[in-house]
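For reference, the chains in residue letters:
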Amino acid sequence: MFMRIDHIGIACKDIEEKIAFFSETFELTVVAREVNEEQGVKEAMLRISDGEGGGSYIQLLEPLSEDSPVGKFLAKRGEGVHHVAFGVPDVAQAMAKINEKGVRLLDERPRHGSMGSEIAFLHPKDVGGMLTELVQAPKP
């Protein structure tokens, strides 16, 4: 079902500071920036590698407000890994299969994600405490 690790989401207070760190320290390149009003974040995708089925990235997330999900995460846990995202060939199909196995979904249907992807989140309590995202890369 999983094709690759699509990205690791990292919550941060200052996205520009973290972009500079990851760019200078690990020589990663920003390939996309977005403001996602629905999720309440500014985000930057930094490419790690390209592969079959899509690339792998670090996703930096800065909250637009303290009461957004990432803002609440930062207040409670501080900066760090927010979620892990797995690439799947068909997010709706993966959601159905996973839900049949008793894992709760945070999304009822796929929604818009970074760089034109389709995404859905799984309930962290059903995945060992880890917020898990399913990502279907956009069709070329």
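Residues numbered from 1 in each chain as written. Predicted model: local features only at pLDDT ≥ 70, side-chain atom pairs only at ≥ 80, totals over all residues. Heavy atoms only, no water.

What follows deals with unusual backbone geometry. Although it is not a glycine, E27 sits at a positive phi angle of roughly 60 degrees. Tracing the sequence through the fold places E27 in the loop between α1 (15-26) and β2 (29-36). Phi at M115 is positive, roughly 55 degrees, even though this residue is not glycine. Along the chain, the position of M115 falls in the loop between β6 (111-112) and β7 (118-122). (Helix = DSSP H or I, 4+ residues; strand = E, 2+ residues; numbered from the N terminus.)

Here the focus is the nonpolar core. I10, C12, I15, I19, F22, L28, A44, L46, I58 and L60 together form the largest nonpolar core, which totals 10 residues. When residues of this core are traced back to their parent elements, those giving at least two are α1, β3 (41-51) and β4 (54-63). The element best represented in this core is α1, accounting for 3 residues. Leaving out residues up to four positions away in the same chain, I19 has contacts with V30, R33, A44, L46 and L60. Grouped together as the second largest cluster of nonpolar side chains are 9 residues, V91, A94, M95 and I98 included. (Core = buried A, V, L, I, M, F, W, Y, C linked by side-chain atoms within 4.5 Å. Buried < 20%, exposed > 50% of the residue type's maximum accessible area, 1.4 Å probe, protein only. Contact = heavy atoms within 4.5 Å.)

Attention shifts here to the sheet that holds β2. A sheet is described by the order of its strands in space; here 8 strands give the open sequence β2-β3-β4-β1-β5-β8-β7-β6, paired in mixed fashion. At either end of the open sheet lies a strand with only one pairing partner, and these are β2 and β6. Across 5 bridges, the pairing between β7 and strand β8 (residues 132-136) is antiparallel. Each bridged residue has a counterpart across the sheet, and for F121 the counterpart in β8 is E133. Those strands touched by α1 are β1 (4-11), β2, β3 and β4, and its axis lies near 15 degrees from that of β3. (Pairing = 2+ DSSP bridges. Axes fitted to C-alpha atoms, helices over the stretch in contact; angles between N-to-C directions.)

Time to look at the packing of aromatic side chains. For the structure on display, the rule yields 4 aromatic pairs. Relative to F22, the ring of F21 has its centre 5.3 Å away and its plane inclined at 85 degrees; by these criteria the two rings are edge-to-face. Using a relative accessible area of 41% as the deciding quantity, one classes F21 as partly exposed. Taking 5.7 Å as the distance between ring centres and 40 degrees as the angle between the ring planes, the aromatic pair formed by F22 and F26 counts as tilted. Placement of the pair is F22 and F26 together in helix α1, with a separation of 4 residues, close to one helical turn. Note on F22: relative accessible area 11%, which makes it buried. Residue classification places F26 among the partly exposed residues on the basis of a relative accessible area of 48%. Connected via pairs of aromatic rings, a cluster forms that spans F21, F22 and F26. (Phe/Tyr/Trp six-rings, centres within 6.5 Å; stacked < 30°, edge-to-face > 60°.)

Turning to the pattern of salt bridges, a few remarks are in order. Following the criterion strictly, the structure yields 8 salt bridges and no others. Between K42 and E62 there is a salt bridge, with its nearest N and O atoms 3.4 Å apart. Taken together, the residues span a long stretch of sequence, with K42 in strand β3 and E62 in strand β4 at a distance of 20 residues. Residue class for K42 comes out partly exposed when judged on its relative accessible area of 33%. Given a relative accessible area of 14%, E62 falls into the buried group. For D107, the salt bridge identified is with R111, shortest N-O distance 2.7 Å. (Salt bridge = Lys/Arg side-chain N within 4 Å of Asp/Glu carboxyl O.)

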